[in-house]
Every structure is written in C-alpha cells, then in structure tokens.
Amino acid sequence: MIPRPSPLPGGDLPDGPMATKDLPVPASALAIVAHPDDAEFHCGATLAKWAAQGCVLNHLVLTDGSKGTWDPDADIDALAEQRTHEQMEAARRLGSQGKVVMLGHVDGELLATLHLRDQVAYWIRSIAPEVILSHDPWRRYRLHPDHRNAGFLALDGLVAARDPHFFRHHDVPVHRTDTVLLFEADAPDHVEDVSGHVDTKVTALLAHRSQYVTTHGIPAEDDGSAEEDFRQRVVTQAAEIGARTGVASGEVFKAITEL
Ligand SMILES: [Zn+2]
C-alpha cells in the first residue's frame, strides 16, 4: 500500500474572530522549530511579510529531519544534509537576512532536557529577537513528540534567556523577548494578515524537495500538476483561515505578550 500524505500542516480552522490582528513588524524574529519545513508551513507567510518590511528573520531548527522519508533504505545522513540545504534555501526564499541554525538532534527523539534548554537559551540571547514563533506545546491530542518538546524548549529557553542567573556560562547578554506567537495553537487568539505573501510561502515550501512525497503530496514523477495542486491547497488554506478571521488570507497564533 502506498502511504498517503497527511493533511497539509497548519490547516486548522479557527472557530471565529481573533482578539488581535497584526503585530507591529518586529526588527527581528526567530522561529524555533522541531524540523526543517515546520517554520514555512506554520508561519511562512507571516515571516515573508515581515521580511519584506525589513524584519531580520532567523531559524533555529532543533532536529536533523532524518526521519522525513518513507524509504526504509534511505541514506539518512544524506537526507539530513539535504534538509539542511533545503532549510537554508527556504529561509532565503522567505527573504531571511538572518541566521539559520541547525542543532542537528536526532529527528523523532527530541526531549525537553536542561542541556537543550541551555542551547536554545544561548541562541535566543545571541539572536536577541523581538518576536519568537514556535509550536504550541499545550495543543491537545498532539501526537508528534518533537513538536510538543520543541514548544516547551522554546518557552523554557526564553524564560532562561531573560534572567541573568540562568546559564551564567553564556558569553552573550541576557535578552527579553517582547512577544511569542505559538502556531498550531490550541486556543488561537491572534491573526496575521498575510495577503500578498502566500505565494512566497509556497515558494519557500517548495524548497523542501525531500518532503514532496511525504508531506507536500507531490509524487516524484510529477508533471507539474501535483505541484500546482499543492500551491492551491496552501492558498486555499490561508483564505479559509482568513475567511474566519476577517482578512483575505491569514495565519493564526496564540499570542503571549506578558514576558
Ligand atoms: Zn515538524
């Protein structure tokens, strides 16, 4: 049996209008994600919008993406290397002028340990973003442990990053982030109007070529029609979220501003 790709990530439709809309464009943003492609799927259009207005985008990817294939005979070291290149290209396509940091932990085995919290806090301090975007670790019935643990690491890391007595061996100043946006949120309350930026999101997602079969639903022998279908699904998803939230195209988040 040929496995079928799951529904498009990031497609949950919110119940109704959001409490807030559109943050002021931050000077810098950091997406902290489990896998290469998570940032593009869940907040790619928001990142593209901000980059177009001068925000410096940064990616912190916690795992190596080495489980991202259905081929039992795949060379997973080669896959991890390919996914690093794909993530860098995707960030470039979003308009990133910042860093793409790949921590390279084993895909599927991410744990919210103190050691990893130290690493995440270090990069938050080093990059000093105004806004952090990450997975909502409290989303109910979430199955993938990496997404849950990446969310906890992002939040635990930002708490540690802001206070001087955490991880005192870091050679960078402490940093307090202004706002966190959690995607795949259990209770979204914030929408970013991404009208005009969904095509850039699609273009960035298409940089993740190794994921075409498993995630994008584009077969290896595609004549272009499956890629076009993928593009349409991403555009439709943003429009459906927008229709529920009062914008033409949207991405929704749980916003946390008391930091
Ligand atoms: Zn993921």
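First, a word on scope: everything that follows refers to the structure included in this document. The shown structure was predicted, so the numbers you read here are calculated from the model rather than taken from an experiment.

The helix and strand tally for the protein chain stands at seven helices and eight strands. By principal-axis analysis of the C-alpha atoms, the protein chain measures approximately 55 × 45 × 35 Å. A buried classification covers 51% of the 259 residues belonging to the protein chain. Taking the intrachain contacts of the protein chain between residues at least 6 apart in sequence as the baseline, contacts between residues at least 24 apart amount to 83%. Across the protein chain, the 23 positively charged side chains and the 39 negatively charged ones have centroids separated by 5 Å.

Moving on, we come to the packing of helix 3 (residues 114-127) against helix 4 (residues 145-162). Contact pair helix 3 / helix 4: the axes reach a minimum separation of 8 Å and the direction vectors enclose 60 degrees. Considering their axes alone, helix 3 and helix 4 lie oblique with respect to each other. The two elements helix 3 and helix 4 meet at a crossing, and its hand is right-handed. Here helix 3 contributes Leu116, Arg117, Val120, Ala121, Ile124 and Arg125 to the contact with helix 4, which in turn contributes Leu153, Ala154, Asp156, Gly157, Leu158, Ala160 and Ala161.

The strands making up a sheet associate through backbone hydrogen bonding, with each pair oriented either parallel or antiparallel. If you walk across this open sheet you meet the eight strands as 1-7-8-6-5-2-3-4, and the pairing is mixed. Because the sheet does not close on itself, it has two edges, and the strands there are strand 1 (20-21) and strand 4 (100-105). Across two bridges, strand 1 lies against strand 7 (residues 190-193) in parallel orientation. Residue pairing in the sheet places lysine 21 in a bridge with valine 191 of strand 7. Strand contacts of helix 4: strand 2 (28-33), strand 3 (56-63), strand 5 (131-135) and strand 6 (179-183), with the helix running at about 155 degrees to strand 5, the strand carrying the most contacts.

Within this structure, the stated rule accounts for zero disulfides. Lacking any disulfide linkage, cysteine 43 is separated from the closest cysteine sulfur, that of cysteine 55, by 11 Å. Overall, the relative accessible area of 0% leaves cysteine 43 in the buried class.

Our focus in this paragraph is unusual backbone geometry. We note that tyrosine 141 has phi near 60 degrees; this positive angle belongs to a residue other than glycine. Tracing the backbone through its elements, the reader meets tyrosine 141 in the loop between strand 5 and helix 4. Unusually for a residue other than glycine, glutamate 184 sits at a positive phi of about 50 degrees. Residue placement: glutamate 184 occurs in the loop between strand 6 and strand 7.

Our focus in this paragraph is the environment of valine 235. Positionally, valine 235 belongs in helix 7 (residues 225-245). The spacing of valine 235 and valine 198 is 37 residues in sequence and 6.3 Å in space, taken between C-alpha atoms. Each residue touching valine 235, except ones within four places of it in the same chain, is listed here: Val198 and Asp199.

Our next topic: helix 5 (residues 198-205). Where helix 5 is concerned, the buried positions are Val198, Lys201, Val202, Ala204 and Leu205. Looking straight down helix 5, one finds that the buried residues subtend no more than 165 degrees of arc, so they occupy a single side. Buried residues in helix 5 make contact with helix 1 (38-52), helix 2 (76-94), helix 6 (212-216), helix 7 and strand 8 (250-256).

Tetrahedral metal sites with four donors have an ideal angle of 109.5 degrees; octahedral sites with six donors have ideal angles of 90 or 180 degrees. Looking at the metal site, the zinc ion is ligated by His35 (ND1), Asp38 (OD), Asp38 (OD) and His147 (NE2), spaced 2.0 to 2.5 Å from it. Coordination geometry of the zinc ion: the four donor atoms subtend angles of 55 to 132 degrees at the metal centre, consistent with an arrangement described as irregular. Of note, the zinc ion draws all its donor residues from one chain, in the sequence arrangement H-x2-D-x108-H. Linking aspartate 38 in helix 1 with histidine 147 in helix 4, this pair joins segments that are 109 residues apart in sequence. You'll find aspartate 38 and histidine 147 in the same group, each marked buried.

Between helix 1 and helix 5, the least distance of the axes is 8 Å, while the angle of their chain directions is 130 degrees. In terms of axis orientation, helix 1 runs oblique to helix 5. For the element pair helix 1 and helix 5, the recorded crossing hand is right-handed. Packed against helix 1, whose contacting residues are Glu40, Phe41, Gly44, Ala45 and Ala48, the element helix 5 presents Val198, Thr200, Lys201, Ala204 and Leu205 at the interface.

The biggest cluster of nonpolar side chains holds 25 residues, and the ones touching the most others in it are Ile32, Leu60, Leu62 and Ile124. Among the elements of the structure, strand 2, strand 3, strand 4, helix 3, helix 4 and strand 6 are those that each provide at least two residues to this core. Here the element with the most residues in this core is helix 4; it accounts for seven residues. Leaving out residues up to four positions away in the same chain, leucine 62 has contacts with Ile32, Val33, Ala34, Leu103, Gly104, His105, Leu110, Val120, Ala150 and Leu153.

About the criteria used
Residues numbered from 1 in each chain as written. Predicted model: local features only at pLDDT ≥ 70, side-chain atom pairs only at ≥ 80, totals over all residues. Heavy atoms only, no water. Helix = DSSP H or I, 4+ residues; strand = E, 2+ residues; numbered from the N terminus. Buried < 20%, exposed > 50% of the residue type's maximum accessible area, 1.4 Å probe, protein only. Contact = heavy atoms within 4.5 Å. Lys, Arg positive; Asp, Glu negative; His and termini not counted. Charge placed at Lys NZ, Arg CZ, Asp CG, Glu CD. Axes fitted to C-alpha atoms, helices over the stretch in contact; angles between N-to-C directions. Parallel < 35°, antiparallel > 145°, perpendicular 65-115°, else oblique. Left-handed = near helix turned anticlockwise from the far one by under 90°. Pairing = 2+ DSSP bridges. Disulfide = S-S within 2.5 Å. Arc of directions from axis to C-beta. Donors = N, O, S within 2.8 Å, 3.2 Å for Na, K, Ca; no water. Tetrahedral: all angles 85-135°; square planar, octahedral: opposite > 155°, others 65-115°. Core = buried A, V, L, I, M, F, W, Y, C linked by side-chain atoms within 4.5 Å.

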